[in-house]
Structures are given as C-alpha cells and as structure tokens.
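# Examining the three-dimensional arrangement
Listed below are the residues making up each chain.
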Amino acid sequence: MSTFLARLRDRVTPVVGPVRLPVGAAGAVLVVAGSLTPWATFFFGYPGKVTLAGFPGGARLYPLLLAASAVLLIVDAPGRRRAGLAAATGVGVVVGWNVLAIAKEGGGFGAVAYGAWLALLGAAALGVAFRSLPADRPVPTRFDRLPAPVELAGIAVSMALLLVVVVVSLRIEESSRFVSFAAFVAFASAVLQRVGFFAWLQSVIERHHRITIAAAAVTAIAFPFTQQGSSYWLRVFASIGVFAAAAIGLNIVVGLAGLLDLGYIAFFGVGVYVGALMGSASRTTYQGEWPFFVVLIVAAAVAAVFGVVIGAPTLRLRGDYLAIVTLGFGEIFRIAANNLDWLTRGPNGIAGVPDLAVGGFNFGDTHEVFGFSLPGFANYYFVELLLVAAAIVIFTRLNDSRVGRAWVAIREDETAAAAMGINTFRMKLLAFAIGAFLAGAAGSVNAHVAASVAPDSFTFLESILLLAAVVLGGMGTVPGALLGSAALFILPEKLRAFQDIRLLMFGVALVLMMRFRPEGIVPSRRRQRELHQEGGAAGAMSAPPSAPVAGGAA
C-alpha cells in the first residue's frame with residue numbers, strides 16, 4: 001500500500017506542482033464555501049443548525065479554522081508540508097464524521113446537503129496541493145530569544161487558550177459535535193507541532209520555568225470559577241486529580257524504573273480503605289474523627305508497607321513474570337476486601353464516609369468566593385490540586401536525582417546497571433514503595449470524594465486504566481500522566497451517547513495512538529530519542545543491500 005501511494009505521489013507531484021497555488025486556493029475556497037452552506041437537507045434535530053446557510057454553525061466552524069493553514073502554501077515555514085497535510089486531513093475527518101452522522105440520523109446520504117460535499121472536495125484539493133510541496137525544512141532545535149514581554153505573553157496566551165479549550169469542550173453537550181471538536185483540537189495541535197510552535201514554546205518554558213509554573217497554577221485555580229456554580233464537572237475533575245496523583249506514582253514504577261505493575265490499583269485501594277475506616281462515622285468500631293493530614297500520612301504509609309511486603313519477594317522477577325505476580329496481588333486484594341466482613345464490611349463496603357473538615361471549614365459545603373458560588377466538589381478539587389502538586393514535586397525531584405538516573409539505568413538494561421554497581425533490587429523496591437505511597441495518599445482523599453468504598457471499585461480494569469493513562473500521556477513525564485488521566489475520565493463522560501460502541505471507539509483511539517505516536521501525547525525527550533533511534537535502526541536493517549545506509553558509504 002505504501003509503495004502504491006509513493007508511486008501515485010511521484011506521478012501527481014510533477015502535474016500539480018506548477019498549479020499548486022491555484023489548486024490550494026480553490027481547495028480553501030471550497031472549504032470556506034462548504035462551511036457557510038448547509039450540511040443537512042432538512043431539520044431532524046442534528047446539533048449546530050447545519051441546515052442554515054450564511055454562518056459556520058455547529059461543527060462547520062472547525063473546517064473553516066483548519067482551512068486557514070492554506071497560507072502555508074505561500075509561507076516558507078519549517079514543516080509546512082506535513083502541517084498542511086495534517087490540516088487537510090483534519091478537514092476531511094471532521095466533515096466525513098459529520099456526513100456519516102447526518103446520514104445515520106437522517107435516514108441515508110440523501111439527508112446530506114451540498115455544503116458537506118463541497119468541504120470534502122476542498123479538503124482533497126488542499127491535500128493534493130500540500131502533497132506537491134517539496135520536502136520540509138527541519139524545525140530548528142534552538143530558537144533566538146525574543147523580548148521577555150513577548151515570551152511571557154506567549155506563556156500567558158497558551159495557558160488561557162488551554163483553559164478556553166477545556167471549558168468549551170465541557171460545554172458541548174452533543175456527543176457528535178464533541179467528537180468533531182476533539183478531532184479539530186487534535187489536528188490543529190498537529191499543525192502547530194509540525195511548524196515548530198510547541199518546540200518554541202518548550203524553549204520559552206525552560207527559560208521561564210517558575211513563571212510557567214505560576215501561570216499553570218493560576219489556570220488550574222481559575223477552572224472552578226468557569227463552571228457557574230455547577231458541581232458536575234467539578235466532581236469529575238476532583239476524580240481526575242485523584243487518578244492523576246495515583247498515575248504519577250505509577251509513572252515512577254513503570255515510566256522511570258520500567259517495572260510492569262498490573263496490580264497497582266491494590267495500593268490505591270489500601271489507601272481508600274484506610275481513609276474510609278479512619279474517617280467514617282458509620283462504623284461503631286472506629287468512632288472518632290482523625291485529623292485529615294494524619295489520615296493522609298497513615299494511609300500512604302500503610303500502602304508503602306504493602307508495597308515493600310509485596311515487592312520484596314517478587315521484584316527479583318522481570319518482565320512478564322513480574323506482571324503476572326502483580327496481577328495476582330491485585331486480585332488477592334480485591335477478593336480479600338470482598339470477604340473480610342469484620343474489617344471491610346465485605347461486598348457492602350463502607351458507606352457514609354463524612355466530608356473532610358479542617359477546623360470549622362467543611363469541604364462538602366458550598367462557599368462564596370469573590371461573589372462566585374463554589375459547590376463542595378470545588379473544595380475537593382483544590383485539595384486534589386495540592387495533592388497533585390506534591391506528587392509532581394516528588395516525581396521531578398526523584399527524576400533529577402541519582403536515584404532517578406539509577407531507575408532509568410535499570411529500565412534500559414538491568415544487567416548493565418548491576419555491573420556498574422547499582423543495587424538493582426534495592427532501587428526497584430524503593431520505586432515500588434514510593435509508587436505505593438503516592439497511590440495510598442490519593443486513595444485516602446478519594447474515600448471522602450466518593451463518600452463510600454466497595455471492593456468492586458478495585459478490579460483489574462482499573463489497573464489497566466491507570467497504566468493506559470501513563471502510556472497514553474507519555475511514560476516518564478508529569479504532563480503526560482495529567483493529560484492521560486484527564487482523557488480517560490472526560491472521554492467516557494462525553495461519549496455517553498455512544499454507549500454501545502464507546503469502548504470500541506476508545507480502543508481504536510488507543511491503537512491509533514500507539515501506531516502514530518507511540519511515545520505518548522507528551523513524550524519525554526529520552527523516550528522520543530529512543531524511539532527515533534529504533535526507527536532509524538529498523539529502517540537501516542530493512543534497506544536493500546545495494547542501498548546506502550544513512551551515515552555510511554554508498
């Protein structure tokens with residue numbers, strides 16, 4: 001298939017090259033015209049007023065914005081060919097998805113109006129025009145310094161844009177339109193990444209690291225004030241915070257030390273049960289309230305002890321064998337919690353876990369802040385911000401230390417690390433204990449957020465979701481764990497209209513992610529370099545004997 005496409009490109013490029021600009025301009029005009037004309041022939045409840053002309057209502061706005069990339073045909077920017085192809089593909093995906101959705105809900109393709117077909121034709125023309133461009137100039141690895149106010153403005157605008165994207169996505173109620181918006185954001189990000197915007201932003205962030213952290217904190221704190229007193233998404237984001245803190249702990253185990261733990265949810269469950277037992281007023285055996293910070297430390301410490309107890313006899317195993325043993329531990333914990341009625345109340349679980357209270361401040365009450373009404377889950381959201389911030393500090397400090405470098409060495413080659421004098425067993429046990437500590441801390445807070453706990457909440461699927469958050473976001477990075485956790489919570493909530501196939505859609509998204517970006521959404525530089533080196537080595541090995549190998553003689 002790739003050979004056929006290469007031959008087709010070689011034949012089309014000489015023909016389209018001389019008329020590249022007219023073809024691209026025509027494609028952009030067609031996309032604009034299609035975005036301003038109807039996509040449905042009659043009204044049947046499809047979201048976005050797609051039967052009306054004269055304005056880009058609903059999902060029609062997204063192809064219109066992506067069509068702005070046509071300017072790259074006349075601007076000699078690095079990566080413009082691949083960026084333009086990403087934009088053209090994005091237009092095709094957004095329009096194609098809506099064509100299928102309109103046809104499904106409208107009873108056939110007769111319900112699809114001419115505007116959608118114009119936009120699809122424009123996407124094809126844009127793709128052909130960008131395909132005919134010469135090879136891209138590489139994105140520079142170093143960028144010149146701009147005036148400090150300009151760079152700081154770039155950081156502020158990026159954070160504000162991130163908040164706007166999150167708020168807008170949450171306010172889209174229709175699942176079909178949310179899919180269109182998610183596709184638009186994904187392809188627009190690909191365009192920015194390929195022209196080097198994110199590389200430039202990363203260099204700016206490295207120069208203004210503390211200011212970036214402050215801007216990110218302000219952005220996170222501002223989120224509850226955008227919800228207009230509603231508690232629904234604040235409840236979801238409080239759960240995301242719990243999940244993210246646990247995922248950062250798993251990132252130490254999997255991302256840094258390279259230990260495949262399939263029973264990590266058990267450490268989270270230990271923290272949940274300790275938090276519920278020490279904070280619950282419904283248990284006659286455990287009457288009395290404990291200070292929140294005492295419960296947090298005790299739950300984290302107990303989970304860390306479990307990590308040491310489980311890791312000591314098992315961490316001499318490697319690879320699949322270690323994964324099987326940790327999977328067994330996760331199932332043992334769930335079964336034990338389901339049968340120890342005297343401690344965990346068995347399958348009934350522990351209900352009525354009270355809200356957190358520090359002094360006279362009850363975290364479950366609604367509070368007025370600067371004239372904004374913040375429901376109880378906003379208070380838990382702020383608690384989770386502090387917990388995630390603590391987990392981030394622990395992760396980054398360890399990652400930059402000798403311990404972190406020892407973990408990376410063990411992950412790359414345990415035998416070589418041992419030969420260099422690293423006590424591999426002790427380092428792996430330390431990774432297990434610290435990961436369990438963070439999971440236990442997150443679990444103790446989750447007991448109050450959920451207000452109840454039951455053994456069914458700690459199944460093997462939960463461990464897989466935690467692992468998927470780390471891998472999807474990017475192993476060994478903090479932003480990766482945060483984005484992966486957010487995606488795994490928000491996407492199922494927004495795709496409830498596709499109840500029958502949403503797991504299939506999620507699986508397809510993971511497969512595509514592993515195929516086209518195996519390093520994750522936010523890869524670590526080390527991980528990205530490793531994958532590029534593996535790809536280059538594979539390409540060199542697959543080259544025919546007569547072909548010159550890169551870096552060698554012909």
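Calculation notes
- Residues numbered from 1 in each chain as written.
- Predicted model: local features only at pLDDT ≥ 70, side-chain atom pairs only at ≥ 80, totals over all residues.
- Heavy atoms only, no water.
- Helix = DSSP H or I, 4+ residues; strand = E, 2+ residues; numbered from the N terminus.
- Buried < 20%, exposed > 50% of the residue type's maximum accessible area, 1.4 Å probe, protein only.
- Contact = heavy atoms within 4.5 Å.
- Areas by Shrake-Rupley, 256 points an atom, 1.4 Å probe, with all protein chains shown as cover.
- Expected span 1.5 Å × (residues − 1).
- pLDDT = per-residue confidence, 0-100.
- Arc of directions from axis to C-beta.
- Patch = residues over 30% accessible without salt bridge, like charges linked within 9 Å, V, L, I, M, F, W, Y side chains within 5 Å.
- Salt bridge = Lys/Arg side-chain N within 4 Å of Asp/Glu carboxyl O.
- Phe/Tyr/Trp six-rings, centres within 6.5 Å; stacked < 30°, edge-to-face > 60°.
- Lys NZ or Arg CZ within 6 Å of the ring centre and 35° of its normal.
- Core = buried A, V, L, I, M, F, W, Y, C linked by side-chain atoms within 4.5 Å.

A few words now on the overall build of the protein. When you go through the protein residue by residue, the secondary structure sums to 22 helices and six strands. Taking all 554 residues of the protein together, the buried fraction comes to 44%. The contacts in the protein between residues at least 6 apart in sequence include a share of 77% that link residues at least 24 apart. When the accessible surface of the protein is summed, it comes to about 27400 Å², and 67% of that surface belongs to carbon and sulfur atoms.

For helix 6 (residues 148-171), which comprises 24 residues, the first-to-last C-alpha distance of 35 Å matches the rise-based estimate of 34 Å (1.5 Å per residue) to within 8%. Every buried residue of helix 6 is listed here: Glu151, Gly154, Ile155, Ser158, Met159, Leu163, Val167, Ser169 and Leu170. In the core, the buried residues of helix 6 are packed alongside helix 7 (175-194), helix 8 (197-207), helix 9 (209-222), helix 10 (232-256) and helix 20 (478-494).

Here we come to the confidence of the model for the protein. When pLDDT is averaged along the protein, the result is 84; 88% of the residues meet or exceed 70. Within the protein, the lowest mean pLDDT, 54, falls on helix 22 (residues 525-542), and the highest, 94, falls on helix 3 (residues 61-66). When the criterion is pLDDT under 50, residues 281-288 qualifies, and its contacts beyond four places in sequence or with other chains add up to 14 contacts.

For helix 9, with 14 residues, the first-to-last C-alpha span of 20 Å sits near the 20 Å given by 1.5 Å per residue. Residues of helix 9 that are buried include every one of Thr212, Ala215 and Thr219, and no others. The arc that holds the buried residues of helix 9, viewed along the axis, is 65°, so those residues lie on one side. Among the exposed residues of helix 9, those pointing more than 90 degrees away from its buried face are Arg210 and Val218. Looking at the buried positions of helix 9, the neighbouring elements they touch are helix 6 and helix 8.

Once that is clear, we can look at a nonpolar patch on the surface. A cluster of nonpolar residues, Ile501, Leu504, Val508, Leu512 and Phe516, forms a patch on the protein surface that exposes about 510 Å² of accessible area. As for its position among the elements, Leu504 is in helix 21 (residues 502-516).

A word on the packing of aromatic side chains. Evaluation of the coordinates by the stated rule reveals 21 aromatic pairs. Ring centres 5.2 Å apart and planes at 55° place the aromatic pair Phe292 and Phe293 in the tilted group. For Phe292, a relative accessible area of 13% corresponds to the buried category. Taken together, the aromatic side chains of Phe223, Phe237, Tyr381 and Phe382 make up a single cluster linked through ring pairs. Here the basic side chain of Arg60 rests over the ring of Phe55, its NZ or CZ set 5.3 Å away from the ring centre. Between Arg316 and the ring centre of Phe425, over which it is positioned, the NZ or CZ distance is 4.2 Å.

This next bit is on the environment of Leu398. Tracing the chain through its elements places Leu398 in helix 15 (residues 376-399). Taking the relative accessible area as the measure of exposure, Leu398 reaches 16% and is therefore buried. Taking C-alpha positions, Leu398 is 8.9 Å from Ile252, a pair spaced 146 residues apart along the chain. Discounting residues that sit within four places of it in the chain, Leu398 has contacts with Ile252, Val403, Gly404, Trp407 and Ile434.

Glancing now at the pattern of salt bridges. The full count for this structure, using the stated rule, is six salt bridges. The partner of Arg411 in a salt bridge is Glu412, with the nearest N and O atoms 2.7 Å apart. On the basis of relative accessible area, Glu412 is assigned to the partly exposed category, the value being 44%. In this structure, Glu414 engages Lys428 in a salt bridge whose closest nitrogen and oxygen atoms are separated by 3.0 Å. In this pair, Glu414 is assigned in helix 17 (residues 414-419) and Lys428 in helix 18 (residues 424-450), connecting sequence segments 14 residues apart. What makes Glu414 buried here is its relative accessible area of 14%. Relative accessible area serves as the criterion here: at 2%, Lys428 is assigned to the buried category.

Time to look at the nonpolar core. Among the nonpolar cores identified, the biggest contains 83 residues, and Leu250, Ile252, Phe268, Trp407, Phe458 and Leu466 are the most heavily contacted of them. In this structure, Val50, Phe237, Tyr381 and Leu495 belong to the second largest nonpolar core, which totals 57 residues.

A word on the side chain of Thr344. Mapped onto the fold, Thr344 is located in helix 14 (residues 341-344). Excluding residues that lie within four positions of it along the chain, Thr344 makes contacts with Tyr273, Ala337, Gly349 and Ile350.

A few words on the environment of Ala40. Locating Ala40 in the fold gives a position in the loop between helix 2 (20-35) and helix 3. On the basis of relative accessible area, Ala40 is assigned to the buried category, the value being 3%. Not counting the four nearest positions on each side in its chain, Ala40 is found in contact with Val50, Thr51, Ile102, Ala111 and Ala113.

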